[in-house]
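# Coordinates in review
Given next are the chains, with one letter for each unit.
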Amino acid sequence: MQLHTPDPVHSLREQGFALLQPAALWALAGCDEAAFMALSRRWEQLPPDEHLRDGGRYRYRRHASLRLAEDGRSIRERVRRPHWQPTDYNALHGGFERWFAPIEDATLGDPAFRALLLGLARLLNASAGHPLPFVEAHQFRIDTADGIGRPTPEGAHRDGVDYVVVVLMARVEVRGGETRVFEATGPCGLRFTMQAPGTALLLDDARVIHETTPIQPAQQRGHRDTLVLTFRRDGFLDPG
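How each quantity is defined
Residues numbered from 1 in each chain as written. Predicted model: local features only at pLDDT ≥ 70, side-chain atom pairs only at ≥ 80, totals over all residues. Heavy atoms only, no water. Pairing = 2+ DSSP bridges. Helix = DSSP H or I, 4+ residues; strand = E, 2+ residues; numbered from the N terminus. Axes fitted to C-alpha atoms, helices over the stretch in contact; angles between N-to-C directions. Salt bridge = Lys/Arg side-chain N within 4 Å of Asp/Glu carboxyl O. Buried < 20%, exposed > 50% of the residue type's maximum accessible area, 1.4 Å probe, protein only. Phe/Tyr/Trp six-rings, centres within 6.5 Å; stacked < 30°, edge-to-face > 60°. Contact = heavy atoms within 4.5 Å.

With antiparallel pairing, three strands are arranged side by side in an open sheet as 8-7-10. Each edge of the sheet is formed by a strand with only one pairing partner; in this case those strands are strand 8 (189-193) and strand 10 (208-212). Each strand of the sheet is rotated relative to its neighbour by a mean of 15 degrees, with strand direction disregarded. Where strand 7 (residues 178-183) and strand 8 come together, five bridges link them in antiparallel fashion. Bridge assignment links R180 to a residue of strand 8, and that residue is R191.

So this is what it looks like as structure tokens:
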């Protein structure tokens, strides 16, 4: 497995994941650093995640389910529904409906958000060879106010979708947060830390498992913000 490859579509097809540096992500989306940083400020008002089953208070989030046009160039509709995963994919939080605070309309309408979403959708459509119109978007903040925050409390996992994208929006006064990507059916894997805002990890969910290790405050209370997007071809992941 190789961490840096010049062609993300080739990397996704060959090894099941690709890592985009910020300049590559902004070029793909057609937005600039200033627009991205302005978008990242929309993570300042996330409400607490009320569904954590490990007793923690470190996660804040908003969620939206979106249906895209099949060419990946526009959002057709927003669908009101809960987030749901089977226990096969999420033993900690699977098997029940989780209604999170919705992503605000101003965020969905932000030109930088739409540019990121639709640019990534077109790239993943090209990798898959077919449209992936069913998207769930998650705004996450993992906080270290209580000393430790867990980006993936469920551990190493798959998500039950076709593709997953993790975009680092901000990383402030934290240590840790190592990202780990491993073959789902093989011995190979890589470990690295996403440091620069705008770094994006693209995952073929059928082929790799992933996790991010806990974060701790570097000197004072800190946080790690991400935008997580999941893409499916055949409808949203729902019970039954």
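Moving on from the model shown.
Turning next to the pattern of salt bridges. Opposite charge on two side chains makes pairing possible when the charged atoms of those side chains draw close. Evaluation of the coordinates by the stated rule reveals 13 salt bridges. Measuring nitrogen to oxygen at the nearest pair gives 2.8 Å for the salt bridge that ties D49 to R59. One end of the pair, D49, is in the loop between helix 3 (33-40) and strand 2 (59-68); the other, R59, is in strand 2, with 10 residues separating them in the sequence. In this pair, the class of D49 matches that of R59, namely buried.

Moving on, we come to the packing of aromatic side chains. All told, the structure shown has two aromatic pairs when counted by the stated rule. With 5.7 Å between their ring centres and 55 degrees between their planes, W26 and F36 make a pair best called tilted. Here W26, found in helix 2 (residues 22-29), pairs with F36, found in helix 3; they are 10 residues apart in sequence, far enough to count as distant. The exposure classification of W26 matches that of F36, with both residues buried. Centre to centre, the rings of F134 and F236 are 5.2 Å apart; their planes meet at 80 degrees, and the pair counts as edge-to-face.

The next point concerns the sheet that holds strand 3 (residues 75-79). The sheet built from seven strands is open, its strands ordered 1-9-5-12-4-2-3 with antiparallel pairing. Edge positions in the open sheet fall to strand 1 (17-20) and strand 3, since each of these has one partner strand only. Each neighbouring strand pair of the sheet contributes to a mean axis angle of 20 degrees, computed without reference to strand direction. Relative to strand 9 (residues 200-204), strand 5 (residues 163-172) is paired through five bridges, and the arrangement is antiparallel. Bridge pairing links V166 to L201 in strand 9. Running at roughly 95 degrees to strand 1, helix 2 makes contact with strand 1, strand 5 and strand 9 of the sheet.

With that out of the way, let us pick up the pairing of strand 2. Within strand 2, nine of the 10 residues are buried, which leaves it mostly tucked inside the rest of the structure. Summarising the sheet, strand 2 and strand 4 (residues 134-143) pair through nine bridges and their orientation is antiparallel. The residue bridging A64 from the neighbouring strand is A137, located in strand 4. Here strand 2 folds back onto strand 3 in antiparallel fashion, the turn holding six residues, of which G72 has a positive phi close to 70 degrees.

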